[in-house]
Every structure is written in structure tokens, then in C-alpha cells.
Amino acid sequence: MMLAATVTGLKLKNPMMLAAGIMGTTGGSLKRAAQAGAGAVVTKSIGIAPKAGHSNPSMVDVDCGYLNAMGLPNPSYKNFQEEIDKAKESEVPVIASIFGGSADEFSEIAGALCADAFELNVSCPHARGYGAEIGTDPKLVEEITHAVKSAVNAPVWVKLTPNVTDIKSIGLAAQRGGADAVVAINTVRGMAIDIESGYPILGNKFGGISGRAIKPVAIKCVYDLYEALDIPVIGVGGISDWKDAVEFIMAGARAVQIGSAVGENIDIFSDISSCMDAFLTEKEWTLDDIYGMAHEV
Ligand code: SIN
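Now for a look at the structure at hand. (Residues numbered from 1 in each chain as written. Predicted model: local features only at pLDDT ≥ 70, side-chain atom pairs only at ≥ 80, totals over all residues. Heavy atoms only, no water.)

Our focus in this paragraph is the overall build of the chain. Each helix and strand in the chain was counted, giving eleven helices and 16 strands. Scaling as 2.2 N^0.38, a compact globule of 297 residues should have a C-alpha radius of gyration of about 19 Å, and the chain matches this with 18 Å. Projected onto its principal axes, the C-alpha positions of the chain cover 50 × 50 × 40 Å. Expressed as a percentage of contacts within the chain between residues at least 6 apart in sequence, the contacts between residues at least 24 apart total 69%. For the chain, the accessible area works out to roughly 12200 Å², and carbon and sulfur atoms hold 51% of it. One way to put it: in the chain the 23 positive side-chain charges average out to a point 3 Å from where the 35 negative ones average out. (Helix = DSSP H or I, 4+ residues; strand = E, 2+ residues; numbered from the N terminus. Rg over C-alpha atoms; globule rule 2.2 N^0.38 Å. Contact = heavy atoms within 4.5 Å. Areas by Shrake-Rupley, 256 points an atom, 1.4 Å probe, with all protein chains shown as cover. Lys, Arg positive; Asp, Glu negative; His and termini not counted. Charge placed at Lys NZ, Arg CZ, Asp CG, Glu CD.)

All residues adjacent to the ligand are K44, N68, M70, G71, L72, P73, N121, C124, P125, H126 and N186. Within the contact set of the ligand, an oxygen atom lies 3.3 Å away from a backbone nitrogen or oxygen of M70. Between the ligand and G71, the relevant distance is 2.8 Å, taken from an oxygen atom to a main-chain nitrogen or oxygen of the residue. When the ligand sits alone it has 260 Å² of accessible area, and the protein chains cover 92% of it. Taken atom by atom, the bulk of the ligand overlaps the largest pocket. Taken together, the residues of the shell around the ligand sort by class into five nonpolar, five polar and one charged. (Near = heavy atom within 4 Å. Polar contact = N/O pair within 3.5 Å; in protein donor to acceptor, adjacent residues only side chain to side chain. 1 Å grid on protein atoms, 1.4 Å probe; cavity = no way out; pocket = protein on both sides within 12 Å on 5 of 7 lines; lining within 4 Å. Sits in = over half its atoms within 2 Å of the grid points. Nonpolar A, V, L, I, M, F, W, Y, C, P; charged D, E, K, R; others polar.)

The next subject is the layout of surface pockets. Quantified by volume, the largest pocket comes out at close to 770 Å³. Forming the boundary of the largest pocket are 43 residues, of which I22, N68, T187, S210 and S260 lie nearest the centre. Every element with two or more residues in the lining of the largest pocket is listed here: β5 (59–61), β6 (66–68), β8 (117–121), β16 (253–258) and α9 (260–264). Here the lining of the largest pocket gets three residues from one element, more than from any other, and that element is α9. Grouping the constituent residues of the lining of the largest pocket by class yields 17 nonpolar, 19 polar and seven charged. (Points joined across faces, edges and corners; volume = space filled by probe spheres on them.)

For the coordinates displayed, the defined rule picks out eight salt bridges. Between E89 and K31 there is a salt bridge, with its nearest N and O atoms 2.6 Å apart. Of this pair, E89 sits in the loop between α2 (81–88) and β7 (94–98) while K31 sits in helix α1 (residues 27–35), placing them 58 residues apart in sequence. With a shortest N-O distance of 3.0 Å, E142 and R176 are connected by a salt bridge. A residue pair is termed long-range when its members are at least 10 positions apart, and E142 in helix α5 (residues 138–151) and R176 in helix α6 (residues 167–176) qualify at 34 residues. By relative accessible area, which is 28% here, E142 ends up partly exposed. Through salt bridges with shared partners, a single network forms among K215, D244 and E247. (Salt bridge = Lys/Arg side-chain N within 4 Å of Asp/Glu carboxyl O. Buried < 20%, exposed > 50% of the residue type's maximum accessible area, 1.4 Å probe, protein only.)

Here the focus is the pairing of β8. When you tally the buried positions in β8, you get five out of five residues, the bulk of the element. Residues A117, E119 and N121 point to one face of β8 and F118 and L120 to the other, with burial holding for every one of them. Note: β7 against β8, four bridges, orientation parallel. Pairing of I98 across the sheet is with L120, part of β8. Considered for its hand, the β-α-β crossover made up of β7, helix α3 (residues 103–112) and β8 is right-handed. Where β8 meets strand β9 (residues 156–160), four bridges bridge the pair, whose relative direction is parallel. Note on β9: the bridge partner recorded for L120 is V158. (Pairing = 2+ DSSP bridges. Right-handed = clockwise from strand over helix to strand, strands pointing away.)

Spelled out as C-alpha cells, the structure:
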């Protein structure tokens, strides 16, 4: 296998990670994704206090992907280290996704958890006072990133929202705050309406779209961030097969994360790894050769 990668100092056996929010609430399910071949796993976003999330329906299949407004349900960081420790038994890096309403909350959570890296969720598109309400303000993104960097001794990644005019300005703010990498993208804001009743389907009325529909949006964001930033970009959004993963790396992603597609096929990590490996071998390319290749033209 020619797929080993190092991302912000973390050694990965392959560059395909489990994205935040999928199978990430228990150590057992994180471990299951690692055993299925993920190079690293990211937890569900964890906050300061237990949170039930938005009312149901909180997720709906919209043909081209999924629309969700889970509302950041989580057991709080005070009840989560055990799950991270269990996931660590899989011997792949375990990244804690965390969210808060202020720099103090972010640093309190990060400072209390022991993980291989932290992914700051400043991008959930439908949680009042959290996520994208923070992640659309470059000053807040810089301040939060800086606060977490000062509180931990592990790489800090910042997950960005595509629901902005210029994602580069937010990526640059994260970089100024000391981020080791950015992760692009979180879901794209969206909505679905039930035509029998005329009501919005989601309990929260609107939510975020993931899956195939958002891949071209994510590719463009990764491409732009690669040009603008000095720190690595981790690509996520609509990856469903090995060709998608190659495309992200060619756009400038050092590694990728897979979310929605894992729900349909847990073996997607090993499927992508073996096909990507065969493709690189046939082309006589390495991962480094294809990294940012689309920028060479
Ligand atoms: C959620 O729990 O609502 C989804 C999290 C996210 O979109 O960041």
C-alpha cells in the first residue's frame, strides 16, 4: 500500500477518515469504523452540557443526499473521555470534534479531553448560538482557534462552513489563530417541504445537506483554500467512491473524510483504499504526486 499519510503530525495508514457526526457517539462505533479500514476517526461534536438536539424528524433522505438538523445532540464532554479511550483501542488517531458558544467554552472542553487532535465545529448550519453563527465571523474564529491552541497540546483543526461569501477569509482567520489544518466543508444549508401538508419536513424546519449533492461545492472550497492557506486542508463533502477521494486530493486535500456514504457501506474505507492504491500503481503516481495536481494547469 502506498497510501500512508502524515497530517498535522498524525500518522495515518491511509488518508480516509470517518467524518464527524456519523457513528461517532460511542467508542464502540468509532472502533467499528476504524476496524473497517478508516485511517482516523472523528467523534460526534461534543459540547459543554448534555444536549437532546432538535425535535424529529431530524434527518431526511432527499435523493441527492441527506438533509439533517440533529441539533448537536451529545452527552457533554464530562461523559465522553471513556468513549474516546475505547475508540483509541483501535490504534488509529481519534479526533475529538467539539463545539461551544464562546472561546471559553471551546477551551474548557478541549482542555478536559485527551484526543489525538481536536476539530472545532464552527460550522453547523442550524444550531442557535453555535456552529456557523460563530464560524461566519473571522474575528471569532481566530479568537476561538487561538484559545483552543493555548489550552491543548495536540493539533487543532477548524471545520469550516460553506455558507459564506468567501470561505478563504474564514480559513485565513483560523490560520491566524494558529490552526494546524482546516476541514472543508460542513453541510450546505437546505430545506425540504412535505407537499401533502405544506409543512417543512424537518423538526427544525431547515438543516444542512450532505452527500453526493454537495461534492462539487466542497471541491471548489478545497481548491480555493489550498491556494489561499499555508496549512493543510482536509476535504469532506459527498465522497462516495475512490474517484471522489482522488478528486479531493487533486483539488488540494491532504486527507479526506467520509460521512453520509458510510451509512450505506461501512467498508467504504477499505474499498476506496484498495481502488485508490490500484489506480496510483497503474499511473505510477504517489499520493504526493496527485496532491494539488489540479493547480498545476
Ligand atoms: C447536528 O448535530 O446538528 C449536525 C452537526 C453539524 O452539522 O455540524
